[in-house]
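Listed below, chain by chain, are the residues.
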Amino acid sequence: MRSYAKHVAFTGAVAALAVAFMVSTAAVRAEQAKTAKDGVYSDAQAKKGESLYGEQCAACHGGDLSGGGAPALAGGDFLGFWDKTPVSDLVEKIQSSMPASAPGSLTRAQAAEISSFILKANKFPAGAADLSSDAAALKAINIVK
Ligand code: HEC
């Protein structure tokens, strides 16, 4: 009887631990699960990005983002390259090295605007709020194919 009770208590403890583990990993997963498909930029922001893109990027990356002298910024190859990469990397890449003729000339807000236009061109849906220009917030959103 005693050992049976012990056994039940032990099994209960193991089950409780297992549940606690599952709950905590689910919480972590929920935090990381945000993707570019979740409406992470606004249409108004993408519009601003579109005009910046036309002025500063289209000459090399093409008016329709299909590339030319520079890589395409929309379509299968682009998405394959950026798949499972946080949006922060894209914004960072644009702000630090683009336009290639004047790297570092864009503000972070402008880089976020152009990134939201690039997301739109890759058929990710718009949402209610702007894409943040905060690095930590952008790190929590993954680009996915
Ligand atoms: C003078 C030509 C030129 C202009 C203007 C230019 N780029 Fe680029 N861009 C390049 C070249 C060349 C590469 C490839 C080398 C590299 O990744 O640095 C590139 C790469 C990129 C990449 C990485 C693409 C990939 O999938 O590897 C992004 C994103 C990008 N550019 C965004 C922009 C944006 C946004 C602008 C406008 C603000 C811009 N570029 C303006 C020439 C240009």
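Scoring rules and cut-offs
- Residues numbered from 1 in each chain as written.
- Predicted model: local features only at pLDDT ≥ 70, side-chain atom pairs only at ≥ 80, totals over all residues.
- Heavy atoms only, no water.
- Helix = DSSP H or I, 4+ residues; strand = E, 2+ residues; numbered from the N terminus.
- Donors = N, O, S within 2.8 Å, 3.2 Å for Na, K, Ca; no water.
- Buried < 20%, exposed > 50% of the residue type's maximum accessible area, 1.4 Å probe, protein only.
- Contact = heavy atoms within 4.5 Å.
- Axes fitted to C-alpha atoms, helices over the stretch in contact; angles between N-to-C directions.
- Parallel < 35°, antiparallel > 145°, perpendicular 65-115°, else oblique.
- Left-handed = near helix turned anticlockwise from the far one by under 90°.
- Nonpolar A, V, L, I, M, F, W, Y, C, P; charged D, E, K, R; others polar.
- Near = heavy atom within 4 Å.
- Polar contact = N/O pair within 3.5 Å; in protein donor to acceptor, adjacent residues only side chain to side chain.
- Expected span 1.5 Å × (residues − 1).
- Arc of directions from axis to C-beta.

A. Examining the environment of Ile143 more closely. Counting through the fold element by element, Ile143 comes out in strand E2 (residues 142-143). Sequence separation between Ile143 and Asp89 is 54 residues, and the spatial gap between their C-alpha atoms is 9.8 Å.

B. Expanded view of the coordination of the iron atom of the ligand. Protein-derived coordination of the iron atom of the ligand comes from His61 (NE2) and Met98 (SD), at a distance range of 2.0 to 2.3 Å. Judged by relative accessible area, which is 10%, His61 ranks as buried. Accessibility expressed as a relative area gives 23% for Met98, which makes it partly exposed.

C. The side chain of Thr35, seen in detail. Relative to the elements of secondary structure, Thr35 occurs in the loop between helix H1 (2-32) and helix H2 (43-56). Setting aside residues up to four positions removed in sequence, Thr35 forms contacts with Val40, Ile141, Asn142 and Val144.

D. Here's a closer look at the packing of helix H5 (residues 87-97) against helix H6 (residues 108-121). At a minimum axis separation of 9 Å, H5 and H6 run at an interaxial angle of 125 degrees. It follows from the interaxial angle that H5 and H6 lie oblique. As for the relative orientation of H5 and H6, their crossing is right-handed in sense. Note on element contacts: H6 touches H5 through Arg108, Ala111, Ala112, Ile114, Ser115 and Ile118, opposite Leu90, Val91, Glu92, Ile94 and Gln95. The class makeup of the residues in the contact of H5 with H6 is seven nonpolar, two polar and two charged.

E. The arrangement of the site of the ligand in detail. Neighbouring the ligand are 18 residues, the closest being Cys57, Cys60, His61, Lys93 and Met98. Measuring from an oxygen atom of the ligand, one finds a side-chain N or O atom of Trp82 at 2.9 Å. At 2.7 Å, a side-chain N or O of Lys93 approaches an oxygen atom of the ligand.

F. Expanded view of H2. Helix length check: H2, at 14 residues, gives a terminal C-alpha distance of 20 Å against a target of 20 Å (1.5 Å per residue), a fit within 8%. Every buried residue of H2 is listed here: Gln45, Ala46, Gly49, Leu52 and Tyr53. In an axial view of H2, the angular spread of the buried residues amounts to 120 degrees, which keeps them on one side of the axis. Across from the buried face of H2, at angles greater than 90 degrees, the exposed residues are Ala44, Lys47 and Glu55.

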